[in-house]
Amino acid sequence: MRAFIGVIAIVVVGLGLSACSNFKPAPNAKANAPLKQELVHKLASIGSSPGAPMMVRIFKQTNELEVWKQAGGTFKLVKTYEICAWSGGLGPKVVEGDRQSPEGFYNITPGLMNPNSNYYLAFNTGFPNKFDRAYGRTGSDLMVHGDCSSRGCYSMTDESIAEIYALARETFAGGNASFQLQIFPFRMTPGNLAMHADDPNMSFWKDIKEGYDRFELAGQPASWDVCNKHYVFGVPDGMTLDASGSCPVQVAQGVPASVVAKMAADDAAMAKEVAAIADRKAKAAADAKAAADAEAAAKARGQAIGSFIGGLFGDDGTIDPSKVPPIPAPPIHRV
């Protein structure tokens with residue numbers, strides 16, 4: 001009996017230490033709260049419905065979580081929520097305990113929804129996904145949840161997570177098997193990328209940028225998979241890829257021309273912006289040096305003048321006549 005109690009105690013402590021799960025044994029009625037009429041009307045106004053397919057995008061730098069719903073042939077923005085807190089800095093999660101919030105593409109299924117979270121309501125991001133596992137990344141219970149606190153998760157207000165949870169619940173009730181979660185460090189614009197051009201995560205960010213670009217151009221989230229330890233998008237249904245193996249030619253050459261053109265244009269714009277940033281930094285450094293040199297020259301002149309004036313006086317403070325030019329005698333007036 002004591003052994004059994006000890007095991008239970010270990011389990012309880014383990015749950016208490018896990019990143020953001022804290023499951024309760026009893027169902028949480030908050031998970032079944034009806035969708036607000038305000039949201040129902042908003043969905044109708046954009047030509048969508050509660051049961052339509054859904055997508056979520058997160059941008060770390062600006063603390064934004066967007067909920068999109070399918071409306072006809074494209075997805076339209078339903079609402080943008082402010083993220084209360086997320087952990088770590090820009091860049092993906094790497095190892096359990098690094099207190100870093102993940103980045104990348106994740107598919108959220110009903111099994112990842114947590115109606116009994118101590119953090120009001122929550123859904124699991126699904127980290128580590130196929131890409132993360134290919135790199136041996138570790139972590140557990142990385143959630144989007146309420147309670148405005150974070151240890152590797154994305155924390156929302158209770159009111160916000162209640163709406164997001166209800167929108168997801170209705171999506172599943174509409175017959176959708178999952179919804180896509182896209183997590184970016186920032187909006188993947190050339191300007192933002194240029195600002196972080198020296199960041200060691202740049203190759204990863206350019207990898208996930210293709211998924212961002214596809215959505216920006218087509219208005220639909222592209223399916224994703226992993227091969228050659230890279231994200232690939234628009235993979236045909238039924239095709240299974242080896243995360244560490246070579247990418248099939250069909251996948252490697254299957255990037256739409258519009259996406260290829262956008263990526264090339266963005267790369268060129270980024271390079272131009274990187275050069276402009278370097279020029280601005282060089283000019284700022286040159287201006288700072290010129291100002292410092294001018295200040296040093298002015299200080300040197302002041303010291304020289306002070307030394308000259310000080311040299312006119314003796315130790316007792318009187319003028320040393322030997323250091324003062326003689327006063328010429330008055331002119332002699334002859335009659």
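Just so it is clear, the structure is predicted and the values come from calculations on it, not from any experiment.

Examining the overall build of the protein chain
From N to C terminus, the protein chain includes eight helices and 12 strands. When the 335 residues of the protein chain are sorted by exposure, 38% land in the buried category. Pairs at least 24 residues apart make up 60% of the contacts formed inside the protein chain by residues separated by at least 6 positions. With the model as given, the accessible surface of the protein chain reaches about 17,700 Å², and the carbon-plus-sulfur share is 60%.

What to know about the pattern of salt bridges
Enumeration according to the criterion identifies 21 salt bridges in this entry. Arg137 is the salt-bridge partner of Asp132, the closest N and O atoms lying 3.9 Å from each other. With respect to burial, Asp132 and Arg137 carry one shared label: buried. Sharing partners across several salt bridges, the network here consists of Arg57, Glu64, Glu66, Arg187 and Glu216.

Let's talk about the side chain of Ser48
You can see Ser48 is positioned in the loop between helix H2 (37-45) and strand E1 (54-59). Here Ser48 is in contact with Leu43, Lys69, Gln70 and Ala71, once residues within four sequence places are set aside.

Here we look at the packing of aromatic side chains
The full count for this structure, using the stated rule, is 15 aromatic pairs. A centroid spacing of 5.7 Å and a plane angle of 85° characterise the contact between Phe105 and Phe184, whose relative ring orientation is edge-to-face. Placement of the pair is Phe105 in strand E5 (residues 104-108) and Phe184 in strand E10 (residues 179-184), with a sequence separation of 79 residues. Across the pair, exposure class does not vary: Phe105 and Phe184 are buried alike.

Concerning the state of the cysteines
All told, the structure shown has two disulfides when counted by the stated rule. Linked covalently through their sulfurs, Cys84 and Cys148 form a disulfide whose S-S length is 2.0 Å. Remark: Cys148 occurs in the loop between strand E8 (143-145) and strand E9 (154-155) and Cys84 occurs in the loop between strand E3 (74-82) and strand E4 (85-86); sequence separation between them is 64 residues. With its sulfur 2.0 Å from that of its partner, Cys227 forms a disulfide with Cys247. Residues Cys227 and Cys247 share a disulfide whose torsion about the S-S bond is about 105°; that sign makes it right-handed. With Cys227 in strand E11 (residues 224-227) and Cys247 in the loop between strand E12 (230-233) and helix H7 (249-252), the pair connects residues that are 20 residues apart, well separated along the chain.

Some words on the confidence of the model for the protein chain
Model confidence for the protein chain is summarised by a mean pLDDT of 88, while 84% of its residues fall at 70 or above. Across residues 1-18 the pLDDT falls below 50, and counting only partners more than four positions away or on other chains, this stretch makes six contacts in the model.

Considerations on the sheet that holds strand E7 (residues 122-124)
Reading across from one edge, E4-E9-E8-E7-E6 is the order of the five strands in this open sheet, with mixed pairing throughout. In the strand order of this sheet, the two ends are held by E4 and strand E6 (113-114), each with one partner.

Side note on helix H4 (residues 158-173)
Taking 1.5 Å as the rise per residue, H4 with 16 residues should run 22 Å; its terminal C-alpha atoms sit 22 Å apart, in good agreement. Looking only at H4, the buried set comprises Ser160, Ile161, Glu163, Ile164, Tyr165, Ala166, Leu167, Ala168, Arg169, Thr171 and Phe172. Gly175 occupies a position one or two residues after H4 and carries a positive phi of about 100°.

Remarks on the sheet that holds E10
Taken together, the five strands give an open sheet; going across it, the order is E3-E2-E1-E10-E5, and neighbouring strands pair in mixed fashion. Pairing within the sheet leaves two strands with one partner each, and these edge strands are E3 and E5. Across the sheet, the axes of successive neighbouring strands diverge by a mean angle of 20°, strand direction being ignored. Two strands pair when backbone bridges link them, and E1 and strand E2 (residues 64-71) are joined in this way by six bridges, in the antiparallel orientation. Its bridge partner being in E2, Met54 is matched across the sheet by Lys69.

Digging into the nonpolar core
Ranked by size, the top nonpolar core spans 34 residues in total, and within it Leu65 and Val67 carry the most contacts. Mapped by element, the contributors of at least two residues to this core are H2, E1, E2, E3, E5, H4 and E10. The leading source of residues in this core is H4, at seven residues. Beyond its immediate sequence surroundings of up to four residues, Val67 is in contact with Met54, Met55, Val56, Lys76, Leu77, Val78, Lys79, Tyr81, Ile164 and Leu167. Formed by 22 residues, the second largest nonpolar core is a distinct cluster that contains Phe105, Phe131, Leu193 and Tyr231.

Cut-offs used in this document
- Residues numbered from 1 in each chain as written.
- Predicted model: local features only at pLDDT ≥ 70, side-chain atom pairs only at ≥ 80, totals over all residues.
- Heavy atoms only, no water.
- Helix = DSSP H or I, 4+ residues; strand = E, 2+ residues; numbered from the N terminus.
- Buried < 20%, exposed > 50% of the residue type's maximum accessible area, 1.4 Å probe, protein only.
- Contact = heavy atoms within 4.5 Å.
- Areas by Shrake-Rupley, 256 points an atom, 1.4 Å probe, with all protein chains shown as cover.
- Salt bridge = Lys/Arg side-chain N within 4 Å of Asp/Glu carboxyl O.
- Phe/Tyr/Trp six-rings, centres within 6.5 Å; stacked < 30°, edge-to-face > 60°.
- Disulfide = S-S within 2.5 Å.
- pLDDT = per-residue confidence, 0-100.
- Pairing = 2+ DSSP bridges.
- Expected span 1.5 Å × (residues − 1).
- Axes fitted to C-alpha atoms, helices over the stretch in contact; angles between N-to-C directions.
- Core = buried A, V, L, I, M, F, W, Y, C linked by side-chain atoms within 4.5 Å.

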